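Each chain, letter by letter, is given below.
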Amino acid sequence: MSCYAVNCANRPSKDSVVRFFRLDEAEDFSGSGSDYEATLKSTKRRKQAVTGPRPPKRPRHKAALRGSSPSSSPIPTPPHPSLQQQQQPRGRSKKASPKLVTRVNKRNRGISAEDIYDAVRSGKSAMVTLVDEWLDSYKQSREAGLLVLINFIVQCCGCKGVVSREMLDSMQNAEIISKLTREFNEDSANYPLCTQGTELRRFKAGLCEFAQVLVRSCSNSLIYDEYLFPSLLSLLTGMSDSQVRAFRHTSTLLSMKLMTGLVEVAVTVSVQQQTTQRQYNIENSKGASDRASDRLEDLQATISQLRENRVEVSSMMNATFRGVFVHRYRDRLPEIRAACIEELGMWLKTAPADFLNDGCLKYLGWTLHDKQSPVRLQCVLALQALYQEEEFIGRLELFTSRFKERMLNMVLDKDQEVAVEVVNLLLLIQQMTEDGLKEEECGHIYPLVYASNRALASAAGNFLFNKLKSVIDSDHWVNDNIGNATFLEILITFFIQSEFHEHGAYLVDSLWSVASSELRDWETMTMFLLQECGLMYEEEEALIELMVCALKQAAQASPPVGRTRGKTLLSKKAKKAQEQDRRRITMHFIPLLPQLLAKYSADAAVVTLLLKVPLYFNLEMYNSVPRLEKYLDQLLAQLCGIVEKHTEVTVLQACATLFSALCAESYTFSSRAHMAFSQLLDGLTECFSSYLSDLLQGTEDEDDGYSAAITLKRLAALSSVKDTTGWKLFEPCLELLKSRMESRELDKELMVSALKCAAFHLMWAKMNAVNSTPAEEELLHLKQAMRSFCKVSQTCLSLNQMEIRDQAFELLCDLLLLYSTTSVRSQPDLQALFHVPSDSLRSEMAAFLMDYIFSDTGDDELNVEGNEEMKITILQRKRNQLAGFCKLVLYGVLDLNAATNVFKQYSKCFNDFGDIIKETVSKSKLISPIQSAKTICLCLQQLFSEMLTEDHSQQNLSEIRELAKKLAMSFGVDLHRIRKPLVALHTYGIRFAFRDPQEGEEQNVNLPFLEILSEFSFKLMQQDRTQLAAFLKSECPSATLYWPSVTMYQCSLKGRVSSKPIEKGGGDVSSHDTPVAKRMKTTALGSVASSARESWLDSISIHSNLPTPALTSTAQRLGVKQLATSRKSGAPESEVGSGFTDPESENEFLKASSFRKMKPNQRELCCSSQTGTSQEQQDLNSNLTLLSLIEDDDEEREEPEIENYESDSDHESEYALPSTRHTSTSVLDELFD
């Protein structure tokens, strides 16, 4: 066993540290022949005192310097001439009297371990006072004080064991830890540092603060007594190599915090040494007459003392670094690895002279590949702190060149917080380093401005903004107007080249936090748009889109879809700033908007964007500011001209939305807007009426038909936002639809617009009836109009024109719901408006559902590459149609049995419509649980009957059973609440299975349906199982009682009674017994399954040229044979538990070759069917509690080792664009509300 292995397990003898005290103080303690060395090496305590004269006092630094070679540590140890001197062993003095200390302790016990633990755990005590109290007790008795501190650490680990004075005197650290491990018989493996919630944060913060205050309080005296810290660090080093997580985690955290305190002490001592050396040089440079010899001697003594202090602190730092950090930074527990890397970052920044070198930076580079996000996050944060210091950049050049590619790949990290910090780190590299990032390297970050995660997009926006600023000549930023113009030009170019024009809102939102002043420069934007020789057409369109997005961001402060996380309430200050922005926008754009509309009136896309600008105005300013009133008439004139000029649906809808906003009754100028809207409708209605007679007779020419269709299209768009019942468009549109249906001259544009106009008339008429008290004659007339429209729309459902039938179906769903009994229940006067759909209409709608929603036959022409956008549009339209049909079922317009056609498709169309169908099933159970259960059974019966009529095959039966499994899971887990519905379902199903055959049918043809019904048995309660079993016997003929299907169903009913008799009898057992908690399947490390999983993970990860180093815990245990072999070969114990040794040479860091990887330990899987002896059973029982604490093989395999934090596929896009579709929750709210 090597000396390093010994010093990790053993604490230096308490009897060997007297040389720092005065001779009279040392008489109270016994001496020893061993010294504390730099690597915490210690010899075994001598149980018998050696008599003899006490050796004279020697300088303290001699013991401190007798350690391992400074070249083997990343922390340099200052050389000293006394390194070559030999140290004589000392015997144990007879005058040592521990009883004296015991008597003093009894008189004044001081603070106890429980007191310290309670104070740290509560977090309410002043830590300085707490440490001072402990120091008082330590000064009275070193052994007693150290014992209190050790027991405090043991208690922090969650161990109820106590270290006694006898254990401290007679046992070594390894023996103490072993005994504590055996006494660690807690009920669970939890310990204070793994507690959840605020208690964990409070305890961890208090424990870390205690360690820091302890080092700070001892920095001038006790840290050099060669007893306290050597003993403490030796014990913590041994505990950090324990297989008990609580010991390993707590001791590593304390060791790292103590190490941080030692680093601060070392820096302070170095500064003091340099200051004293300068004073000595100044004094020594004086002439002989002016030189003070006494001062020179004092300064020389101080320098020597500080040098010795620095050497001793460096020795403890070196021992802690090599004994704890080098092994624990690759521990199996991610919390331990994260703590090590966090403190390493502190050391690198605090003491760059000692740590900021390639030998320590390599640990940060390796842990960039860690599989757990908290470790990677701490590594990135540590690097940020280094790159912020300009004087560190030179030392980081090699590290940057080696790990830049890895950092660029980490912008796609699975953990968004890590990705955000990596982008911030790359921004520091871009700003601080001389070379920065190349343009192709920046290309990894630019697309992230369109990411759906707002924090990541904002970080990428900050990077993009700084990059654009660096491109602009610095002289341009002297003049803000010129600088903003240049910035906007470059931003427009970036937006065009990024080829994501429909996502301008996401780009603006990403830049808003850093470039809000540039994006609010409305004057520069409008200057670009209104000047004749300015931007190109494509650049103008891009600028208008960015400008409108910036207007919305400033006026509403609402992020784009996908970047919102709940409702955020604005503060008073934010609301005031928002109002100021709206007022400034209104004042600037009201005079210029008519000019912009006039200039771009021919461009449909640009006009659609510009028509959104008034929606962000403070419209009251049209009247409150006199000079702005004239621009309202100009805006209305431009609006009417745009309606008469354009035929695109998006433009007409934007015009209708703006008219609706301007006509709001809350504005005093609304009468003027109403007048302009009425004049526009009068002109359009007159134009349509001029073509109506020719359209009804079928004598119109092609131009007249096109003009009529366009006019009706404009009327339909305006009717969607304003009440147009006064223009009486329903009758002409209905007559037009009837004539076209009779003549079979199906003009798509004309008929779709006519359907819309007629439907909007019925909707506005219903709203007027609700808001007023119409006469009964008017209600009957309106009901007759509704009946007529339903007949016409029913005919349209069977047409070959997709646009016509889709529009008819959607309008029917809305109108049937609007005229249902639910809508008029609260108003008895409107009962006459209640409309019940006819049986033929129900059949037509059900046929439409099966033929055009759940079938792809009508979309064959779209099954070509390049039509993905069209496929998404069609799927969205189908989802809306299905949601409309489901609403009719849920609101009682259609019977619940009509939902069988929907439930049938739950498995087949789960990817496209699964969320809607599941929500329908769930809501139907709230409306009528028993009827919903019968509907589910009826759905399965229909599928079973269809299977019999087509072709009886086992595959079709398996598909129906799979559907039954999914529908059974929809009943929930409350067995008492679903008891009656399930019994009704089973009763209904049993009767169907044994019903009398109809004419031409075979006997007992429905018996296999019992196999389908058995999928619902696992949710039955015991009394219901017995009742259903009796009902089955009463319904089942004696000849079929032992048929396979009947037997299988009987077994499913007996599943909860007892499975043992069935197993003994060899009968079939239902797969739906009482659910048992699942356990993760485990395989031996190095097995085929593990290799396959690793290869699969490698295939889906984003690869880097730098291979990921092994990060397996050094606490993994080897087999007995391997352990014996390692010991025979003379390997240190610390390396036996390690997967790989620490590279000592910096050449390994400099080489471009791959890192060394650890081979997984070969574990023996011993399987035996024989019963062990009674003695073996006793040994097993005695260690049951211990097995829950020590990381055995099974627990280590069950713990998630690999987390794919990068892209899930090599074929994915390099960034996540925000989805244009809503989430499942929002789409259901939208469809069902």
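This structure is a prediction, so every number in the text was calculated from the model and none was measured.

### Describing the overall build of the chain
Turning to step 1, where the next piece is worked out: Secondary structure summary: the chain contains 55 helices and zero strands in total.
Turning to step 2, where the next piece is worked out: Here the chain holds 1233 residues, and the buried ones make up 51% of them.
Turning to step 3, where the next piece is worked out: Of the accessible surface of the chain, which amounts to about 58,900 Å², a share of 50% is contributed by carbon and sulfur atoms.

### Side note on unusual backbone geometry
Turning to step 1, where the next piece is worked out: Despite not being glycine, Glu226 has its phi angle at roughly 60°, a positive value.
Turning to step 2, where the next piece is worked out: As for its placement among the helices and strands, Glu226 is situated in the loop between α10 (198-217) and α11 (228-240).
Turning to step 3, where the next piece is worked out: According to the relative accessible area criterion, Glu226 is buried, its value standing at 2%.
Turning to step 4, where the next piece is worked out: Although it is not a glycine, Lys728 adopts a positive phi angle of roughly 50°.
Turning to step 5, where the next piece is worked out: With respect to the secondary-structure elements, Lys728 resides in the loop between α32 (702-719) and α33 (730-743).

### Looking at the pattern of salt bridges
Turning to step 1, where the next piece is worked out: Following the criterion strictly, the structure yields 31 salt bridges and no others.
Turning to step 2, where the next piece is worked out: Glu343 is the salt-bridge partner of Lys257, the closest N and O atoms lying 2.8 Å from each other. Here Lys257, found in helix α12 (residues 245-284), pairs with Glu343, found in helix α14 (residues 334-350); they are 86 residues apart in sequence, far enough to count as distant. Summarising the burial analysis for this pair, Lys257 and Glu343 share the class buried.
Turning to step 3, where the next piece is worked out: Where Arg376 meets Asp413, a salt bridge forms, and the shortest distance between an N and an O atom there is 2.8 Å. With Arg376 in helix α17 (residues 373-387) and Asp413 in the loop between α18 (397-409) and α19 (416-432), this residue pair connects regions lying 37 residues apart in the sequence. For the residue pair Arg376 and Asp413, the accessibility class agrees, reading buried in each case.

### Notes on the side chain of Ser255
Turning to step 1, where the next piece is worked out: With respect to the element layout, Ser255 can be found in helix α12.
Turning to step 2, where the next piece is worked out: The exposure class of Ser255 is buried, given its relative accessible area of 1%.

### Considering the packing of helix α31 (residues 670-697) against α33
Turning to step 1, where the next piece is worked out: Viewed as axis vectors pointing N to C, α31 and α33 meet at an angle of 25°, and their least axial separation amounts to 10 Å. One way to sum up the angle between α31 and α33 is to call them roughly parallel. In the crossing of α31 with α33, the sense of the turn from one axis to the other is left-handed. Residue-level contacts link Phe688, Leu692, Leu695 and Leu696 of α31 to Pro732, Glu735, Leu736, Ser739 and Arg740 of α33.
Turning to step 2, where the next piece is worked out: The residue inventory of the contact of α31 with α33, partitioned by class, reads six nonpolar, one polar and two charged.

### With respect to the environment of Ala754
Turning to step 1, where the next piece is worked out: As for its placement among the helices and strands, Ala754 is situated in helix α34 (residues 748-771).
Turning to step 2, where the next piece is worked out: On the basis of relative accessibility, which here comes to 0%, the residue Ala754 falls in the buried class.
Turning to step 3, where the next piece is worked out: Put simply, Ala754 and Cys733 are 21 residues apart on the chain and 5.1 Å apart in space, counted from C-alpha to C-alpha.
Turning to step 4, where the next piece is worked out: Residues in contact with Ala754, not counting those within four places in the same chain, are Leu712, Cys733, Leu736 and Leu737.

### Notes on the packing of aromatic side chains
Any two aromatic rings considered together are summarised by their centre-to-centre distance and by the angle between their planes.
Turning to step 1, where the next piece is worked out: As enumerated under the stated definition, the model contains 29 aromatic pairs in all.
Turning to step 2, where the next piece is worked out: Consider the rings of Phe465 and Phe487, whose centres lie 5.5 Å apart with planes at 70°: the pair is edge-to-face. Remark: Phe487 occurs in helix α22 (residues 480-498) and Phe465 occurs in helix α21 (residues 454-471); sequence separation between them is 22 residues. With respect to class, Phe465 is no different from Phe487; both count as buried.
Turning to step 3, where the next piece is worked out: Taking 5.2 Å as the distance between ring centres and 5° as the angle between the ring planes, the aromatic pair formed by Tyr667 and Phe669 counts as stacked.
Turning to step 4, where the next piece is worked out: Residue Phe669 is classed as buried on the basis of its relative accessible area of 1%.
Turning to step 5, where the next piece is worked out: One aromatic cluster is present, formed by Phe321, Phe325, Tyr329, Trp347, Phe355, Tyr363 and Trp366 through successive ring pairs.
Turning to step 6, where the next piece is worked out: Directly above the aromatic system of Tyr227 lies the positively charged group of Arg142, at a separation of 4.4 Å from the ring centroid.

### Concerning helix α29 (residues 630-645)
Turning to step 1, where the next piece is worked out: Here α29 spans 23 Å end to end across 16 residues, near enough to the 22 Å set by a 1.5 Å rise per residue.
Turning to step 2, where the next piece is worked out: Listed in full, the buried residues belonging to α29 are Tyr631, Leu632, Leu635, Leu636, Leu639, Cys640, Ile642 and Val643.
Turning to step 3, where the next piece is worked out: Buried-residue contacts for α29 involve α26 (572-599), α27 (604-610), α28 (621-624), α30 (649-662), α31 and α32.

### Remarks on the packing of helix α38 (residues 868-890) against helix α40 (residues 910-927)
Packed helix pairs are specified by the crossing angle of their axes together with the interaxial distance, meaning the distance between the axes.
Turning to step 1, where the next piece is worked out: At a closest axis distance of 10 Å, the pairing of α38 and α40 adopts a crossing angle of 10°. Between α38 and α40, the angle is such that the two are roughly parallel. Note on element contacts: α40 touches α38 through Asp912, Phe913, Asp915, Ile916, Ile917, Thr920, Lys923, Ser924 and Ile927, opposite Leu875, Lys878, Arg879, Leu882, Ala883, Cys886 and Leu890.
Turning to step 2, where the next piece is worked out: Grouping the amino acids of the contact of α38 with α40 by side-chain chemistry returns nine nonpolar, two polar and five charged.

### Regarding the nonpolar core
What tends to happen in soluble globular proteins is that the nonpolar side chains get buried as a cluster.
Turning to step 1, where the next piece is worked out: In terms of nonpolar packing, the biggest core is built from 329 residues, with Phe152 and Leu364 touching the most fellow members.
Turning to step 2, where the next piece is worked out: Looking at which element gives the most residues to this core, the answer is α34, with 14 residues.
Turning to step 3, where the next piece is worked out: Not counting residues up to four positions away in its chain, the partners in contact with Phe152 are Ala113, Ile116, Tyr117, Val120, Leu207 and Phe210.

### Some points on a negative patch on the surface
Turning to step 1, where the next piece is worked out: On the surface, Glu114, Asp115, Asp118, Asp132, Glu133 and Asp136 cluster together into a patch of negative charge.
Turning to step 2, where the next piece is worked out: Secondary-structure elements contributing two or more residues to the negative patch are α5 (113-122) and α6 (127-140).

### Details of the state of the cysteines
Turning to step 1, where the next piece is worked out: Enumeration over the complete set of coordinates arrives at zero disulfides.
Turning to step 2, where the next piece is worked out: In this structure Cys156 is a free cysteine whose sulfur lies 6.9 Å from that of Cys157, the closest cysteine sulfur available.
Turning to step 3, where the next piece is worked out: The exposure class assigned to Cys156 is buried, which follows from its relative accessible area of 0%.
Turning to step 4, where the next piece is worked out: The thiol of Cys757 is unpaired, and the distance to the nearest cysteine sulfur, on Cys733, comes to 4.5 Å.
Turning to step 5, where the next piece is worked out: We classify Cys757 as buried; its relative accessible area is 2%.

### Points about the confidence of the model for the chain
Turning to step 1, where the next piece is worked out: Confidence in the prediction for the chain averages 78 pLDDT; 74% of positions are at 70 or higher.
Turning to step 2, where the next piece is worked out: Across residues 1-73, confidence stays below pLDDT 50; counting only partners more than four residues off in sequence or on other chains, it has 178 contacts.
Turning to step 3, where the next piece is worked out: Confidence over residues 1056-1233 falls short of pLDDT 50; this stretch has 269 contacts with residues more than four positions distant or in other chains.

Reading the values: the criteria
- Residues numbered from 1 in each chain as written.
- Predicted model: local features only at pLDDT ≥ 70, side-chain atom pairs only at ≥ 80, totals over all residues.
- Heavy atoms only, no water.
- Helix = DSSP H or I, 4+ residues; strand = E, 2+ residues; numbered from the N terminus.
- Buried < 20%, exposed > 50% of the residue type's maximum accessible area, 1.4 Å probe, protein only.
- Areas by Shrake-Rupley, 256 points an atom, 1.4 Å probe, with all protein chains shown as cover.
- Salt bridge = Lys/Arg side-chain N within 4 Å of Asp/Glu carboxyl O.
- Axes fitted to C-alpha atoms, helices over the stretch in contact; angles between N-to-C directions.
- Parallel < 35°, antiparallel > 145°, perpendicular 65-115°, else oblique.
- Left-handed = near helix turned anticlockwise from the far one by under 90°.
- Contact = heavy atoms within 4.5 Å.
- Nonpolar A, V, L, I, M, F, W, Y, C, P; charged D, E, K, R; others polar.
- Phe/Tyr/Trp six-rings, centres within 6.5 Å; stacked < 30°, edge-to-face > 60°.
- Lys NZ or Arg CZ within 6 Å of the ring centre and 35° of its normal.
- Expected span 1.5 Å × (residues − 1).
- Core = buried A, V, L, I, M, F, W, Y, C linked by side-chain atoms within 4.5 Å.
- Patch = residues over 30% accessible without salt bridge, like charges linked within 9 Å, V, L, I, M, F, W, Y side chains within 5 Å.
- Lys, Arg positive; Asp, Glu negative; His and termini not counted.
- Charge placed at Lys NZ, Arg CZ, Asp CG, Glu CD.
- Disulfide = S-S within 2.5 Å.
- pLDDT = per-residue confidence, 0-100.

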